[in-house]
Amino acid sequence: MTPNLQIELRRFISSNVVSKLNKFYFENDALLIKGIDVSIGTVLMGLYNKAEESGFYKEIISLISENSTFYGEVDFTSGRILSVDDCYRLEGNDLLKEIFGNKKGRISEMISNEVGIKSETAREILNFSALLVVSYLKNNIQLLDSLKLLLEEQKRDILNSIHPGIKIILGFSCYESVDDKNQANLGRSIFTLFGHNFF
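A brief report on the enclosed structure follows. Along every chain, residues carry numbers that run from 1 in the direction the sequence is written. Totals for whole chains, interfaces and linings use all residues, but because this is a predicted model, local features are given only for residues with pLDDT of at least 70 and pairs of side-chain atoms are given and counted only at 80 or more. Computation of side-chain values: all heavy atoms of the structure, hydrogens and water removed.

**A look at the overall build of the chain**
For the chain, the count of helices and strands is 11 helices and 2 strands. Element order for the chain, N to C, with α for helix and β for strand: α-α-α-α-α-β-β-α-α-α-α-α-α. Evaluated residue by residue, the chain yields a buried proportion of 47% over its 199 residues. Within the chain, contacts between residues separated by at least 24 positions form 74% of all contacts whose residues are at least 6 apart in sequence. Carbon and sulfur atoms make up 53% of the accessible area of the chain, which amounts to about 10,300 Å² in all. Here a strand is any run of E in DSSP of at least two residues, a helix any run of H or I of at least four, and the numbering for each starts at the N terminus. The buried label applies to any residue whose accessible area, calculated with a 1.4 Å probe on protein chains only, is under 20% of its type's maximum; exposed applies above 50%, and partly exposed to all values in between. Contacts were defined at the residue level, with two residues in contact if any of their heavy atoms lie within 4.5 Å. Only the protein chains shown count as covering a residue, and every accessible area follows the Shrake-Rupley method with a 1.4 Å probe.

This is how it looks when you write it as structure tokens:
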């Protein structure tokens, strides 16, 4: 069965994880959950943008070692994160550099602005989300061969979870509007074809 990546990853974000994260950040729980959700979607679309780079997916999961503190704290079978400490502050940073390059800082600022959380929180939950996504892929290595196709199929839903400013930075600025324009033009051409040009 084809996994819905965003739903699979969301199930790791229990109320227990949120309360543990809030020991560091002191944010509103609902905003923190929203920030993590946006960050997960952002990381997935960052990976989508790298789909044409040969070997990138294998390379990115190789950055997570079996000795990674974060990787060891995730129980993939039951969909739980067993412990939350601040190991991801360091461990996630290298992943984000590979996925987003010099856009990393702008993306975390945009998450901060559009979700309504502190800049530091946005930076750290982006690190956390990158580690969660890539750790999940490392544990489900069989998904790598079909990852490009999975992300293509799920792209619309993932993009719907991301705010417009973040989409622009990721290069999806015209994604929704182009679709809407095409639909409108299709409607016009059908009416014109049948001689009912009401526009």
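**A short note on unusual backbone geometry**
Unusually for a residue other than glycine, Phe26 sits at a positive phi of about 50°. Take Phe26: it is sitting in the loop between α2 (15–25) and α3 (29–49). The exposure class of Phe26 is exposed, given its relative accessible area of 65%.

**As for the packing of aromatic side chains**
Stacked, edge-to-face and tilted labels apply to pairs of Phe, Tyr and Trp rings (six-membered ring for Trp) whose centres lie within 6.5 Å, assigned for plane angles under 30 degrees, over 60, and everything in between, in that order. As enumerated under the stated definition, the model contains 8 aromatic pairs in all. Taken together, a centroid distance of 6.4 Å and an interplanar angle of 75° make the contact between Phe12 and Tyr136 edge-to-face. Residue Phe12 is found in the loop between α1 (5–10) and α2, and its partner Tyr136 is found in helix α8 (residues 119–139); the two are separated by 124 residues along the sequence. Note on accessibility: Phe12 and Tyr136 belong to one class, buried. Between Phe70 and Phe128, the aromatic rings sit 5.6 Å apart at their centres with planes inclined by 85°, giving edge-to-face as the arrangement. In this pair, Phe70 sits in helix α5 (residues 69–72) while Phe128 sits in helix α8, placing the two residues 58 residues apart along the sequence. Across the pair, Phe128 and Phe70 agree in class, each one buried. For a lysine, the NZ atom is tested; for an arginine, the CZ atom; a charge sits over a ring if that atom is within 6 Å of the ring centre and within 35 degrees of the ring normal. One Lys or Arg, Arg11, reaches over the ring of Phe12 and ends 5.4 Å from the middle of that ring.

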